Amino acid sequence: MYRRGGGIEGPMAGRVLTQLLKGTDWGELDVLVLDLPPGTGDVQLTLCQDVELSGAVCVTTPSELAAVDARKGVAMFRKLGVPTLAANDENSDKDKDGVGPSLFGLTSSSVFRLPISTLANDANDAGAPLCLTR
């Protein structure tokens, strides 16, 4: 669907991505990295159905909402037969049920940390731009 703000979303975004991937001569590739946004999962679902994927890497932030999206994304890829090769775990220092490496159901060797500023994350969780929280 075309939004007034100029972006595309949902199934149309998936079709655009599929057209880009299949209609471009990429040459001989070892790896192609796609940075996919969180959301409804339409883009990821279309991608899994239209393109043969070797695996997925889940990168998330420490925010609670991001953890929810990450769980859903990993579960969807698993259900569609796409293995999660690795995932970052920014929630392991939190003492909450279901958060941490078990969030993704991966072995500890497949989970990595990607440090993110706690100030930036707290501002994100609060819905306030970091520059206005200081």
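Here, every reference points to the structure presented above.
Every value quoted in this text rests on a predicted model; they were computed, and no experiment measured them. (Residues numbered from 1 in each chain as written. Predicted model: local features only at pLDDT ≥ 70, side-chain atom pairs only at ≥ 80, totals over all residues. Heavy atoms only, no water.)

Enquirer: Lay out the overall build of the protein in plain terms, naming residues and giving numbers.
Expert: The number of helices and strands found in the protein is 4 helices and 3 strands. When the helices and strands of the protein are placed in sequence order, the string is α-α-β-α-β-β-α. Sequence separation of at least 24 residues holds for 63% of the intrachain contacts in the protein that already meet a minimum separation of 6. Accessible area for the protein stands at about 9,200 Å²; split by element, carbon and sulfur atoms hold 55% of it. (Helix = DSSP H or I, 4+ residues; strand = E, 2+ residues; numbered from the N terminus. Contact = heavy atoms within 4.5 Å. Areas by Shrake-Rupley, 256 points an atom, 1.4 Å probe, with all protein chains shown as cover.)

Enquirer: With reference to specific residues and values, describe the packing of helix α1 (residues 10–23) against helix α2 (residues 42–50).
Expert: As a packed pair, α1 and α2 sit with axes 8 Å apart at the nearest point and diverge in direction by 40 degrees. It follows that α1 is oblique to α2 by the angle criterion. In the packing of α1 onto α2, the handedness of the crossing is right-handed. For the pair α1 and α2, contact is made by G10, P11, A13, G14, R15, L17, T18, L21 and K22 and by D42, V43, T46, L47 and D50, respectively. (Axes fitted to C-alpha atoms, helices over the stretch in contact; angles between N-to-C directions. Parallel < 35°, antiparallel > 145°, perpendicular 65-115°, else oblique. Left-handed = near helix turned anticlockwise from the far one by under 90°.)

Enquirer: Let's hear about the environment of T60: which residues, and what values?
Expert: Position of T60 among the secondary structure elements: in the loop between β1 (56–58) and α3 (64–79). A relative accessible area of 8% places T60 in the buried class. Linking T60 and P38, residues 22 residues apart in sequence, is a C-alpha distance of 9.5 Å. (Buried < 20%, exposed > 50% of the residue type's maximum accessible area, 1.4 Å probe, protein only.)

Enquirer: Explain a nonpolar patch on the surface to me, and be specific about the residues and the numbers.
Expert: Together, L20, W26, L29 and L32 make up an exposed nonpolar region whose accessible area comes to about 340 Å². Along the chain, L32 turns up in the loop between α1 and α2. Residue L32 is classed as partly exposed on the basis of its relative accessible area of 40%. (Patch = residues over 30% accessible without salt bridge, like charges linked within 9 Å, V, L, I, M, F, W, Y side chains within 5 Å. Salt bridge = Lys/Arg side-chain N within 4 Å of Asp/Glu carboxyl O.)

Enquirer: Outline the environment of Q49, listing residues and values.
Expert: Here Q49 shows up in helix α2. Relative accessible area serves as the criterion here: at 55%, Q49 is assigned to the exposed category. Once the C-alpha coordinates of Q49 and L80 are considered, the two residues, 31 residues apart in sequence, prove to be 8.2 Å apart.

Enquirer: Tell me what's going on with the pairing of strand β2 (residues 84–88), and back it up with residues and numbers.
Expert: Taking burial as the measure, the 5 residues of β2 include 4 buried ones, the bulk of the element. Judged from the 3 bridges that link them, β1 and β2 form a sheet pairing that is parallel. The residue bridging A56 from the neighbouring strand is T84, located in β2. (Pairing = 2+ DSSP bridges.)

Enquirer: How would you explain the side chain of T18 if you had to name every residue and give the values?
Expert: On the secondary structure map, T18 appears in helix α1. Leave out the neighbours within four places in its chain, and T18 touches G23, T46 and D50.

Enquirer: Give a detailed account of α3, specifying residues and quantitative values.
Expert: Taking 1.5 Å as the rise per residue, α3 with 16 residues should run 22 Å; its terminal C-alpha atoms sit 23 Å apart, in good agreement. Within α3, burial applies to A66, A67, A70, V74 and F77. Projected down its long axis, α3 carries its buried residues within an arc of 100 degrees, all on one side. Exposed and facing more than 90 degrees away from the buried side of α3 are L65, K72 and K79. Following α3 by one or two positions, G81 has its phi on the positive side, about 80 degrees. (Expected span 1.5 Å × (residues − 1). Arc of directions from axis to C-beta.)

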